[in-house]
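# Observations on the three-dimensional arrangement
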Amino acid sequence: MGEFFQLLVSGLATGSIYALAAVGFTLLWQASQTINFAQGEFVMLPAFFVLIGTQVLGLNLILGLLFALVVSLLLLGLVFKRLIIDPMLPHGVLPIVISTIALGILLRDSVKEFYSAEAQPFPAIFSERTLSVFGAVISLQDIAILITSLTTITVLQLFLTRTRTGRCMQATAQNRGVAEILGVNVNRMILYTFLINAGLALMASVLISPIYLAKFSNGESIGLIAFIAAIVGGFNQVRGALAGGLLIGVVDNMSAAYISAEYRTAFPLMLLIIIILVRPQGLFGTAEERSV
Amino acid sequence: MRLSKILMAVGLSTAMMIGSAQADSVKIGNVVELTGGGATVGINWKNAVEMAFGEINAAGGILSRKVELTNYDTQTNAQNSRAMVQKALDNGSYVILGPIYSSSTKVNMILTRRAEIPQIVGSEAPFITTAGNPYIFRTSFGAAQSMPKLAAYLKDGVKASSVGVVWVNDDFGKGGRDTVISELKKRGVKIAVDISTEVGQADFASDVIKLKNSGADAIFAYLHEEESARLLKEIKKHGLKQPVVGETTLMNQKVIDLAGDAANGAKGHVGLSADAPVPAVKEFAKKFEAKYGNKPDHNAIKGYIAAYTVKYVTEKLGKFDSKAFAKALHGMTISPKNEPGILMEVTWDDKGDIDRQSFLVEVVNGKQKITQILPKLGK
Amino acid sequence: MRLITIIASLAVLALLVVLPFNLKNYGIYILSLWMVYSIAAMGLNLTLGYAGQVSLAQAAFLGIGAYTTALLMKAGYPFLFGFGLSAGICFCVGLILGYPALRVQHHFLAFVTLGFNALVWLVFRNEEWLTGGTYGLMGFPRPSFFGIDTTNQVAFYFFSLTIFVLLAVILWWIVRSPWGRAFQALRENPIRANSLGVDIRRMTLLAFAIGAAYGGMAGSLFAPLVEFIDPQSFQLNTSLMLLLMVIVGGSGRFLGPVIGALLVVLLPEWLRFTEGMYLIIYASLVMVLLAFCPSGLIGLYERSVAALRARPSGSRGSEKP
C-alpha cells in the first residue's frame, strides 16, 4: 500500500510537469492549428535563460527568473509567432510540422554550440526535505511542484472562462471567422496564446530543471511525453491536458514497477494509440467540430 | 535539364573535396560524436584531442611534421560513423581516433581493419577487442578489465552476497551490465534484482522501490552522469542503507555536484578521472578547464592520451607507417617519464586492451577519496 | 515535354553510372546511402504526398526490412529472398497500420504512426534473442550476383542503383496508373472521390501498404550497405528525417523525395567548414525554404522556371493550370 501510494505521488509530481508542457501545446493547437514539434525544446530552453541571467549577467535568482521570463516571452512567444508561424499559416499543418522540427534542431544545437554540451546544475526553488506520509516518502519539492502546476492551470482555466480577454481567446480558438465578425482582435488573441505558452514553458523549465538538470538534449523526451499527455487527455481542452499529464506520469511509474521496466515507455504509447482509435477527442476532451 | 547540371556540380564538388594534401603535414582523422545524443561525451573527447595536438604542434609536431587534425561528426549514428571513417580513410589519415559509442565503433572498425589503419577508440564494450582486430586500440579500460575488479570489490571489499543491478539501457549500460553480472555470478554473488532504466529518465521511484524490496546487500549502478545523480537522490530520499557501488561515472565530480549530499558514501572503481591523485592528470584537468570552461570527463582524458600515444609510437618508430604503428603498439608500455602526455604509465596487450593503475574510491563530504590503489596487473 | 523528360532522365542515369568511377569510397558510400533513403522517402511520398495520409512510421519499416534481411542472410538464405520477404512483411504491417487511417486523419494519424514507430524501436532494443538488442547485428555478408561480389563499394553501388531505378520505374507506373489517380483523388477530396466510385477504404490501405513495402525494401538494402544494424538507426528521428526529405524536396512530386534525400545526405558535407554549426544552418535553411516555398525544392524550381519563362517573352503564359 505504502509502495503504491509512493509510486502514485511520484508519478503525479512528474506528471504535473508534463501537464504544463502539454497545456501550452494544446493552447497553440486551438489558437492556430500549430502542432509545435519544438515544444520539448521550449521547455528545455528557459532554464538556460535563467542560467545566462544568473551566471553570465550576474543577477540573483529572482532577477534571473524575471530576465528569463522576458526573454522567453519575447523569443518563444512573439518571435516564434511572427517569424515562424505567421508566414507558414497559409500553407497548412504539414510545413509547420517540418518547420517546428527544424526549429527544435536549431534550438538544441544552438544551446550545445553557444552555451555548453554539458548538463548544468540548476538551483532548486523548493526544499528537498522529505516527509513520510502513509508509509511513502514524499519530498516537499514533489508537493510544491504538484501544487504549483495545479494552481497555474486552474488560474489559466479561470482566466479563459471568466475574463473577457479569456473568452475572446476561446472564441478565437473555436471559430476564427465568427470571432472576427464579433469584433474580437483575433490576431492579438492568438499572440496572447503564444505568450501564455511561452510562460508555461518557462514555468515547466524552472520546475523540471532541478531534477532533470539543464541540458541541450532534454527536449526530446519531454516533447514526446507532452504530445502523448495532450492527446490522451484531450487535445482541445486545458483540463484534458492536465489530466493527461498526470495520468502519463502515473502510468509510466506503475508500469515500470509492476509490468516491465524495459518496456516502461511502451505503455504510455499504447495508451496513446488506443485513445486515438477509441476516443480521438481524448479522455476529457470534447468532440471537435472542426473539419480540418 | 538543369537538374543534371546540379547533379554534375554536386559530383564535381564532392570529388574536389577529396584529395589536396599538404606534403609536410600528417593527417589524423578524429571521428567522433559532435551532434546528437552523444555530443556531450564526443565534445569532451574532441576538445582534449585538439588541445593535445595543439600542444604537440606548438612543440614542433611529430618527427617535425605538423599534425593536420580533421574532425568528422558521426551524428551519434552508426551508418554515419561508417561514412565518416570511410572519408577519413579516403583522405589519407595516418591514424584514426574515435568514436566513443560502441555501436558506432563496431561497424566502422571493419573499415580501418580492411584499410590496415590503426584506430584508437573511446569505446568500452568488451566486443571491440575480442573480434581479433589487430588495428583497434583503447586508451581506457574496457568493461572486461574494469568489471572483474569491481566484482571482486563487491564480494571482498563490500562483502555483499547479493547485489541489485541498475543500468541504463543503451550500448554503454548494457555492456557494463552484462559483464558485471557474469563476473558476479562467477564469484558466487547473487543478483537480487536486475533493473533497466531509460536514457533521460526523470523518475526513479519505481526503480528504488524494486531495490528496496529486493533485499540486496549492495547496489551496483551503471548509468550516465545525470541519471546517476537522480538515482542517488532517490535512494537517499527512500532511506536505503545499502552501499551504492559503481564504475567511473558514478563517482564523477559532476555527479557529486549534482547529487549533493546524496552522493556521500557512493563507492567504486575509477579508471580515468580528473580527480585521480596523479599530478599529471590534475595538471591536465586544470589546463582543460581553463581552456574550455568545464571539468574534463574521462572521455576527455581518453582522447588526450590517444593523441600522445600517436606521437610517442610514431617517434619511437621514427617514421610514419600505419601498419608498423599497429604492430608496435601491441605489447608496448609507455611511461610518463618518456612521454609526459601519457599521464599515467600504460601497457597495451596483444588485443589492444590496456593495463594501468586504477583506484577504489569513496565519496566523503562531497569529494572523491581514494581508499585503495589497484596496481597494474602486469607488475 | 515528354521527350525532354526522357532525355533528362537518361542524362541523370548516365551521370549516376559515370560518377562512381570519379569518386573515392566515401563518395560512393554516401551516394548508395542516398539511394537507400530515396527509396524509403519515395514510399513515404506515395503515402503522404500522393494519397495525403500522414505517416511518421517510415523508419519502423526501414528497420523491419533491415532486420528481416539481416536475420535471413545470417541464417544462410539468399539476399533476394530476404528482399522479397521484407517487402512482403512490410506490405502486410503497412496494411494493418493503415486501418487507423480509416478512422482518424491528419495530426491524429501522425501520432498513431509516431507511437507505432516508437513501439517498434522498443522491440528492436529489448528483444535481444532476436535482434541482438543495443549491440545490433552484424556478420551478414554482402550478396553476390553472377559471380560479382558486392563487398566492393562500386559493385554494391551498381547493385543499389539497379534496384533504385527499378523501384523508381515501378512507382512511376503506379502513380500514372488508375491507382495513382485514385490516390490523388483521395488526397484532394475523399468525399468526391467516393462519389466518383473510388473505394476509399481499399485505396487508403493500399497507400499505406505500398509506402511501407518501399520502406521495407530500402531497409533490405540498408543492412548489407552498412553491414551492421542497430535499433538507433530506426528511431523516431529517422522517420522525422524521412518526412523532412519528402516535404523539403516537394511532397506529391515524383522527384521530390529524391532531391530531398540528396539535400539531407549532402548538406552536412557542404557545410562541413562550419564545424559544429552545420545543423543550425541546416535547420535555418529548412525554415526559410518552407516559409517562402511550402512546395519544397521542386516547387521552388518550378516557380523560378515559370518566372524565367514569363519574363523575357511574356507570350508563353505561365505553367499554372
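Residues numbered from 1 in each chain as written. Chains lettered and ligands numbered in written order. Predicted model: local features only at pLDDT ≥ 70, side-chain atom pairs only at ≥ 80, totals over all residues. Heavy atoms only, no water.

### As for the environment of B:Ala202
Summarising the element assignment, B:Ala202 is placed in the loop between strand S7 (190-197) and helix H8 (205-214). For B:Ala202, a relative accessible area of 13% translates into the label buried. Separated by 29 residues in the primary sequence, B:Ala202 and B:Leu231 place their C-alpha atoms 9.1 Å from one another. Residue contacts for B:Ala202: discarding those within four places in its chain leaves A:Thr14, A:Ile211, A:Tyr212 and B:Arg230. (Helix = DSSP H or I, 4+ residues; strand = E, 2+ residues; numbered from the N terminus. Buried < 20%, exposed > 50% of the residue type's maximum accessible area, 1.4 Å probe, protein only. Contact = heavy atoms within 4.5 Å.)

### Considering the sheet that holds strand S5 (residues 136-138) of chain B
All names here are of chain B. One open sheet holds the five strands; their spatial order is S2-S1-S3-S4-S5, and the pairing between them is parallel. Edge positions in the sheet fall to strand S2 (66-73) and S5, since each has one partner strand and no second. Each neighbouring strand pair of the sheet contributes to a mean axis angle of 25°, computed without reference to strand direction. Taken together, the two bridges between strand S3 (residues 95-97) and strand S4 (residues 119-121) define a ladder with parallel strand orientation. Residue pairing across strands places Ile 96 opposite Gln 119, the latter belonging to S4. (Pairing = 2+ DSSP bridges. Axes fitted to C-alpha atoms, helices over the stretch in contact; angles between N-to-C directions.)

### Some thoughts on the interface of chain B and chain C
Listed per partner, the contact involves 40 residues of chain B and 44 residues of chain C. Surface buried jointly by chain B and chain C totals about 3,900 Å² across both partners, of which 63% is contributed by carbon and sulfur atoms. Applying the counting rule to chain B against chain C returns four salt bridges. C:Glu227 is the partner of B:Arg114 in a salt bridge, and the nearest nitrogen-oxygen pair spans 3.0 Å. One can count 19 residue pairs in polar contact (both at pLDDT 80 or more) joining chain B with chain C. Of all the elements in the fold, those that place two or more residues in the side of chain B that touches chain C are helix H1 (2-17), S2, helix H3 (78-90), helix H4 (102-115) and helix H7 (171-186) of chain B. The dominant element in the side of chain B that touches chain C, judged by the number of residues it contributes, is H1(B), at eleven residues. Classifying every residue of the side of chain B that touches chain C gives 14 nonpolar, 13 polar and 13 charged. (Buried area = accessible area lost by both parts, 1.4 Å probe. Salt bridge = Lys/Arg side-chain N within 4 Å of Asp/Glu carboxyl O. Polar contact = N/O pair within 3.5 Å; in protein donor to acceptor, adjacent residues only side chain to side chain. Nonpolar A, V, L, I, M, F, W, Y, C, P; charged D, E, K, R; others polar.)

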